[in-house]
Amino acid sequence: MKILGIETSCDETAAAVVENGRNVLSNAIYSQIAKHRPYGGVVPEIASRNHVAMLPGIIDEALEAAGETYESIDAFAVTYGPGLASSLLIGFSAAKTLAQRLGKPLIRVNHHEGHLHSIFMKDDAPAPETVFPMLGLLVSGGDTSLVMMHETGRYELLGSTIDDAAGEALDKAAAVLNLGYPGGPIIQKTAEGGNPAAIRFPRGLDQPDRGKWIYKYDRNLCFSFSGLKTSLLTHVKKLDHVPEGDELRDICASYQEAVCDALTIRVERGLKKLPVKSFACAGGVSMNKILREKLEILSETSGIPLLLCPPAYCTDNAAMIAGVAYEKVRLGLAGAEPGDVNPNLKLADWE
Ligand code: KG4
């Protein structure tokens, strides 16, 4: 079964053709990073205008690279949330129109489920049913969550960030240090050769007795990056010069260490608490070398297998959307109604 996936939830305009869930025949992506860089983050209006301009060409590119035509595609899959409302609408309208015009099914996919599923987007990945229940760490640009994946389509949110996402914390740190956008890869590069123990930045929610806990999730499995961000800002303000060279490398290495530690500590707690067969990490921040190393060490010490997202599918892409859609069809979980977009969609909302 060949599925054309479309993804426009944020600032990547993407289309991909995937055969039987794993065989990625094409994966076309237009990254709008350069358009948003001058503003230090994604500007929704600019994102949606670029989706309108670029999506038709990206769909053509995906079909051509796969050697397919509109007629040879069996179904269309599209991200319907969460994400920027005006951006989601562009991809959703395109996919709905194509499906109706060609008389093919339209399968709606949760963007976060797409990220989590991306760990299966490689030839030698195990079948999902053999590794569930799985603990999933989702670290995309807009979200940081710990998810219990009972089976495909049945997810339980265990913990989430109470303020910024890990990716946002890295993006904002790079802005504070005048390093550019997006911050994750720049911080990683600048941190090379730096001392990760030079500055002890906070790991978030370290003080259990501070404040009244009002969130519905277990505090020990939640994340907070706002204190870390403030701590960096305070550190930089106290310096009477702009950090560069070894000093800048140390700041970046220490900040990156704090972000990765904060994530790994919660995964470790989750693994101790829950009867999982495996654990996984996906989303843009899962590209990070230090995070991958820390999780691999955790897998060795705990004896629990780790599935990491292949680098090609860590950041937003449409192959993961087509991949989930295939699983939904295979398991009889694909809904019949096209419905609408849902910018605030939660993982547990999947019907
Ligand atoms: O998953 P993604 O494309 O966005 C959403 O779906 O929201 O992730 C983008 C995020 C950005 O915050 C970016 O800074 C971060 O992923 N990122 C990284 C790395 N590459 C991208 N963070 C840390 N290390 C990296 N190498």
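Position numbers for residues start from 1 in each chain and track the written sequence from start to end. Only residues with pLDDT of 70 or above have their local features reported here, since the model is predicted, and side-chain atom pairs are shown and tallied only from 80 upward, although totals for entire chains, interfaces and linings are computed over all residues. Neither water nor hydrogens contribute to the side-chain values; these are computed over all heavy atoms in the structure.

Draft legend 1. Spotlight on unusual backbone geometry. Across the junction of G81 and P82, the peptide omega takes the value -10°, indicating a cis bond. Secondary structure follows DSSP: runs of H or I at least 4 residues long count as helices, runs of E at least 2 residues long count as strands, and numbering of each begins at the N terminus. Checked against the element boundaries, P82 lands in the loop between β4 (75–81) and α3 (85–102). For the peptide bond that leads from F132 to P133, omega is 0°, which places it in the cis range. Relative to the helices and strands, P133 resides in the loop between α5 (128–131) and β6 (134–139). Not every positive phi belongs to a glycine, and N20 is a case in point at roughly 50°.

Draft legend 2. Quick look at the domain arrangement of the chain. Reported domain spans reflect what an automatic or database domain assignment gives. Taken domain by domain, the chain consists of domain 1 (2–118 + 313–349) and domain 2 (131–308). Computed from C-alpha atoms alone, the centre-to-centre distance between domain 1 and domain 2 is 27 Å. Taken together, the contact between domain 1 and domain 2 spans 20 residues of the former and 17 residues of the latter. A quick way to say it: buried area is the sum, across both parts, of accessible area lost when two parts are put together, with a 1.4 Å probe. Buried area between domain 1 and domain 2, both sides added, is near 1500 Å², and the carbon and sulfur share of it is 73%. Only heavy atoms enter the contact rule, under which two residues are in contact if any of them lie within 4.5 Å.

Draft legend 3. Seen up close, the site of the ligand. Being near a molecule or strand, for a residue, means having at least one of its heavy atoms within 4 Å of it. Around the ligand sit 21 residues in total, of which G141, D171, G184, G284 and D316 are the nearest. N or O atoms closer than or at 3.5 Å make up a polar contact, with two conditions inside protein: a donor-capable atom paired with an acceptor-capable one, and, for residues adjacent in sequence, both atoms drawn from side chains. For the ligand, an oxygen atom lies 3.2 Å from a polar atom in the backbone of G142. Contacts to the ligand include N288, whose side-chain N or O atom sits 3.1 Å from a nitrogen atom. The accessible surface values rely on the Shrake-Rupley method and a 1.4 Å probe; as for residues, cover is taken only from the protein chains in view. Within the complex, 89% of the 570 Å² of free accessible area of the ligand lies under protein.

Draft legend 4. Geometry of helix α8 (residues 226–238). Taking 1.5 Å of rise per residue, the 13 residues of α8 would be expected to cover 18 Å, and the 18 Å separating its terminal C-alpha atoms lies within 8% of that figure. Relative accessible area decides the class of each residue, using a 1.4 Å probe on protein chains only: under 20% of the type maximum gives buried, over 50% gives exposed, and in between gives partly exposed. By the burial criterion, the buried members of α8 are L228, L232 and V236. Looking down the long axis of α8, one finds its buried residues gathered within 70° of arc, a one-sided arrangement. Turned more than 90 degrees off the buried face of α8, the exposed positions are K237 and K238. At its buried positions, α8 is contacted by α6 (166–176) and α9 (245–273). What a helix should span is 1.5 Å times the count of its residues minus one. The reported arc concerns the directions from the helix axis to the C-beta atoms and nothing else.

Draft legend 5. Main features of the environment of S118. Note that S118 resides in the loop between α4 (111–117) and α5. A residue is classified by how much of its surface remains accessible, and S118, at 0% relative accessible area, is buried. Distance from S118 to C252, taken between C-alpha atoms, is 28 Å for residues 134 residues apart in sequence. Look past the residues within four positions of S118 in its chain and what remains in contact with it is A282, C309, P310, Y313 and M320. Within polar-contact distance, the side chain of S118 engages the backbone oxygen of H115 at 2.4 Å.

Draft legend 6. Looking closely at the nonpolar core. Counting residues in each nonpolar core, the largest one holds 46 residues, and the members touching the most others are F225, Y255, L263, V267, F279 and L295. Broken down by element, the residue count for this core peaks at twelve residues, all from α9. Excluding residues within four positions of it along the chain, L263 makes contact with L137, V139, T144, A166, F223, F225 and L291. Each nonpolar core is a collection of buried residues, namely Ala, Val, Leu, Ile, Met, Phe, Trp, Tyr and Cys, held together in the definition by side-chain atoms within 4.5 Å.

Draft legend 7. Layout of the pattern of salt bridges. For salt bridges, the criterion is a side-chain nitrogen of Lys or Arg within 4 Å of an Asp or Glu carboxyl oxygen. Taken as a whole and assessed by the stated rule, the structure comprises 16 salt bridges. A salt bridge links E151 to R154; its shortest N-O distance comes to 3.8 Å. In this structure, the salt-bridge partner of D164 is K172, at a minimum N-O distance of 3.3 Å. For D164, a relative accessible area of 8% corresponds to the buried category. Residue class for K172 comes out partly exposed when judged on its relative accessible area of 32%. One connected set of salt bridges, linked through shared partners, spans D164, E168, K172 and K229.

Draft legend 8. Molecular detail of the environment of H51. Considering the arrangement of structural elements, one finds H51 in helix α2 (residues 44–66). Using a relative accessible area of 0% as the deciding quantity, one classes H51 as buried. Among all residues touching H51, those that are not within four sequence positions of it are T8, C10, D11, E12, T13, Q32, P56, S87 and I90. Of the polar contacts made by the side chain of H51, one reaches the side chain of Q32; its length is 3.4 Å.

Draft legend 9. Structural context of the state of the cysteines. A pair of sulfur atoms, both from cysteines and within 2.5 Å, is called a disulfide here. Taken as a whole, this structure holds zero disulfides when the rule is applied. C222 takes part in no disulfide bond, and the closest cysteine sulfur, belonging to C281, lies 17 Å away. Here C252 is not cross-linked by a disulfide; its sulfur's nearest cysteine counterpart is in C260, at 12 Å. On the accessibility criterion, C252 (0% relative accessible area) is buried.

Draft legend 10. Quick look at the packing of α6 against α8. Structural elements are reduced to axes, namely lines fitted to C-alpha atoms, with helices fitted over the stretch in contact, and the angle between N-to-C directions of any two is expressed from 0 to 180 degrees. The contact between α6 and α8 brings their axes to 10 Å, and the two run at 10°. With respect to each other, α6 and α8 are oriented roughly parallel. For the pair formed by α6 and α8, the contact residues are K172, A173 and V176 on the first element and K229, L232, L233 and V236 on the second. Classifying every residue of the contact of α6 with α8 gives five nonpolar, no polar and two charged. An angle counts as roughly parallel when it lies under 35 degrees, as roughly antiparallel when it exceeds 145, as roughly perpendicular when it falls between 65 and 115, and as oblique in every other case. Each residue gets one of three labels, nonpolar for Ala, Val, Leu, Ile, Met, Phe, Trp, Tyr, Cys and Pro, charged for Asp, Glu, Lys and Arg, and polar for the others, Gly among them.

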